[in-house]
Amino acid sequence: IDDPVLNSNHHYDHHHNCEHATVGYQQRMFEMYCSEKNVIVMDLKILHTYFAVLHKLILSEKIRNLPLLNHIGLLFQNVTEIGIYGTDRQYQLDLISLLHELEKPYCVHFEKIQIRCQHEMGASWLCEAWLNSNDNMEFRFFSKRWRAQFNIGQGTKYDDVLLLTRQTSPRLRTVAFMTRDTVPIGQSITLK
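Keep in mind that what you see is a predicted model, and the values were worked out from it rather than measured.

(A) Main features of the side chain of Ser 97. Tracing the backbone through its elements, the reader meets Ser 97 in helix 5 (residues 95-102). Filtering out sequence-adjacent residues up to four positions away, Ser 97 remains in contact with Ile 63 and Leu 66.

Structural data, given as structure tokens:
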């Protein structure tokens, strides 16, 4: 019988093609969404409270509150800036582990990382991790080509902020210094 209504294979093929088209559409939309992002902000409190499934995908299971920046970098290849908000002490993260994460291959396009927490009377977790550590944190980040700037909030209504900025290559800095009289400020040089 050539009746498409009665032919169960036709119904299956039509249903299968619709599912395939829907999955393809969803995949293209997700890829487009990922490619258009250039800044991502993660509030660890919100991730833990409202997005338990998502939090398992982008936070380490072994190291508490560590964002898996390598995974994020793989999905969001145009992202250059990441904000990590660990407002309360329970959302503190290990800065050495974060530095190791930034060394992974899919993190090379990140240019700025901003870590925020609420300033506390005495010292916030971020202040303790940065200033009271036995490790010279600024040197550790600098040795991995990250410039660090730490700002302490001026009261409990303000945030303590650690801003990490990827350093340009030493060769580019040297050339820019040597040619500063011939290159206008704000203009870049491309070395070949």
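(B) A look at the pairing of strand 5 (residues 159-166). Here 7 bridges tie strand 3 (residues 112-118) to strand 5, and the two strands are oriented antiparallel to one another. Note that in strand 5 the partner of Gln 118 across the bridge is Asp 159. Two strands pair when backbone bridges link them, and strand 4 (residues 146-151) and strand 5 are joined in this way by 6 bridges, in the antiparallel orientation. Bridge assignment links Asn 151 to a residue of strand 5, and that residue is Val 161.

(C) Here's a closer look at the state of the cysteines. Within this structure, the stated rule accounts for 0 disulfides. Take Cys 127: it sits in no disulfide, and the sulfur closest to it among the cysteines is that of Cys 117, at 8.2 Å.

(D) Up close: the packing of aromatic side chains. Applying the stated criterion across every chain yields a total of 3 aromatic pairs. One aromatic cluster is present, formed by Trp 130, Phe 141 and Phe 150 through successive ring pairs.

Thresholds applied
- Residues numbered from 1 in each chain as written.
- Predicted model: local features only at pLDDT ≥ 70, side-chain atom pairs only at ≥ 80, totals over all residues.
- Heavy atoms only, no water.
- Helix = DSSP H or I, 4+ residues; strand = E, 2+ residues; numbered from the N terminus.
- Contact = heavy atoms within 4.5 Å.
- Pairing = 2+ DSSP bridges.
- Disulfide = S-S within 2.5 Å.
- Phe/Tyr/Trp six-rings, centres within 6.5 Å; stacked < 30°, edge-to-face > 60°.

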